[in-house]
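Below are the chains, spelled out letter by letter.
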Amino acid sequence: MFFFYRDVQLSEQHPYVKLTVPSSFFAKADFKRLKQMLGSFRDHTWDRWEWDPDSKSPDAHLSLSRQAVYFHVSPLLDSQGTAGVRGSKGFTHGEHYWEIEFLEPPYGSSVMVGVGTQNALLHTGDQRFINLIGIDSESWGLSYKGFIWHNGKSLKYSEPFYERNTVIGVLLDLNAGTLTFFRNGVNLGVAFSGLEQVSKALFPLVSSTAPETELQLGLRSQRMSSLQEQCIHIITQSLSHCRHAHKLPLPTPLLCQIHTHAHL
């Protein structure tokens, strides 16, 4: 529905990478932004993850490709609370970037993007319309109203964004321990620090209180901090299933790392 393939020249190290992106990226205005982001993340390789159908609110519905999420879409019910969904891949090290496009103008009490652990809250009912990502110590989020949230506390971070097709980029740098947001390719500055001290994997999150909110996954990339990590990533991406890893003629400690990486 939303995706097609296009080869993009990324760098000499990775001359042609098969990249799955929304077709809207290749409109004239968006292609300029795409080129800018490619320059900013020159050492990144493309990553593969999607929204997890087993880690979401019952009020969040996924597209067949699991790249888009639709909130509170029942024609018979108004929103009954706050709904969230988690990405299928968690991160424990390295630098990771992804983009979320707002296919409809955000409105209502809260629409958010951010990160959280596996323990992060993904649903509230009973008419509880809250800033879900950052409601406790398990998540860190940005509201479309321009506030960042963590542990139930908020801080003014940026101007609000109300426009259709706004693209929010998320840069999770676990080497530096920082979380930074971008708006239509513009760096908004570091929102959170100290994330290297979190002892759990961090997952992409989105949430909404508003009926018919539509959020679309866009670019996803990562940079490993060592040659070994890059090799593990390439091997993992090449395996049809992680259970095949034990057949590789590699040392046992390296096989254990490959197995762990495949399950993140």
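Look a little higher up for the structure.
Note that the structure is predicted; figures quoted are calculated from it, not measured.

Caption draft 1: Representation of the overall build of the protein within the structure. On a plain count of helices and strands, the protein comes out with three helices and 18 strands. The 264 residues of the protein split such that 50% are buried. Counted over contacts in the protein with a minimum sequence separation of 6, partners at least 24 positions apart contribute 63%. When the accessible surface of the protein is summed, it comes to about 13,000 Å², and 53% of that surface belongs to carbon and sulfur atoms.

Caption draft 2: Quick look at the nonpolar core. Residues Val113, Leu172, Leu179, Phe181 and Val206 are the most contacted members of the largest nonpolar core, which totals 33 residues. Excluding residues within four positions of it along the chain, Val113 makes contact with Ile100, Phe102, Ile133, Trp140, Gly141, Leu142, Ile168, Val170, Phe181, Leu205 and Val206. In this structure, Met112, Ala120, Leu122 and Trp149 belong to the second largest nonpolar core, which totals six residues.

Caption draft 3: Summary view of the pattern of salt bridges. Taken as a whole, this structure holds six salt bridges when the rule is applied. The shortest N-O distance in the salt bridge between Arg66 and Glu50 comes to 3.3 Å. One end of the pair, Arg66, is in the loop between strand S5 (60-62) and strand S6 (68-71); the other, Glu50, is in the loop between strand S3 (45-46) and strand S4 (51-56), and 16 residues separate them in sequence. For Glu50, a relative accessible area of 26% corresponds to the partly exposed category.

Caption draft 4: Region of the structure containing the side chain of Thr180. Mapped onto the elements, Thr180 comes out in strand S15 (residues 178-183). Looking at Thr180, the relative accessible area reads 6%, which means it is buried. Excluding residues that lie within four positions of it along the chain, Thr180 makes contacts with Tyr157, Gly169, Val170, Leu171, Asn187, Gly189, Val190 and Ala191.

Caption draft 5: Representation of the side chain of Ser110 within the structure. Note on placement: Ser110 falls in the loop between strand S8 (95-102) and strand S9 (111-116). Dropping the residues within four chain positions of it, Ser110 is found in contact with Ile130, Asn131, Tyr144, Ser207, Ser208, Thr209 and Ala210.

Caption draft 6: Structural context of the pairing of strand S16 (residues 186-192). In terms of strand pairing, S15 meets S16 through four bridges, oriented antiparallel. Paired with Leu179 across the strands is Phe192, a residue of S16. Counting the residues in the hairpin turn of S15 and S16 gives two residues, including Asn184, whose phi is positive at 50°.

Caption draft 7: Geometry of the environment of Leu155. Inspection of the secondary structure puts Leu155 in strand S13 (residues 153-156). For Leu155, a relative accessible area of 54% gives the class exposed. As for Leu155 and Leu142, which are separated by 13 residues in sequence, their C-alpha atoms are 9.7 Å apart. When residues no more than four places from it in sequence are discounted, the contact partners of Leu155 are Gly146, Phe147 and Ile148.

Caption draft 8: The arrangement of unusual backbone geometry in detail. Non-glycine residue Asn165 carries a positive phi angle of around 70°. By the secondary structure assignment, Asn165 is in the loop between S13 and strand S14 (167-173). With relative accessibility at 38%, the residue Asn165 sits in the partly exposed group.

Caption draft 9: A look at the environment of Ser137. Its location among the elements puts Ser137 in the loop between strand S10 (123-124) and strand S11 (139-143). Taking the C-alpha atoms as reference points, Ser137 and His150, separated by 13 residues in sequence, lie 6.3 Å from one another. If sequence neighbours within four positions are ignored, Ser137 has contacts with His150 and Asn151.

Scoring rules and cut-offs
Residues numbered from 1 in each chain as written. Predicted model: local features only at pLDDT ≥ 70, side-chain atom pairs only at ≥ 80, totals over all residues. Heavy atoms only, no water. Helix = DSSP H or I, 4+ residues; strand = E, 2+ residues; numbered from the N terminus. Buried < 20%, exposed > 50% of the residue type's maximum accessible area, 1.4 Å probe, protein only. Contact = heavy atoms within 4.5 Å. Areas by Shrake-Rupley, 256 points an atom, 1.4 Å probe, with all protein chains shown as cover. Core = buried A, V, L, I, M, F, W, Y, C linked by side-chain atoms within 4.5 Å. Salt bridge = Lys/Arg side-chain N within 4 Å of Asp/Glu carboxyl O. Pairing = 2+ DSSP bridges.

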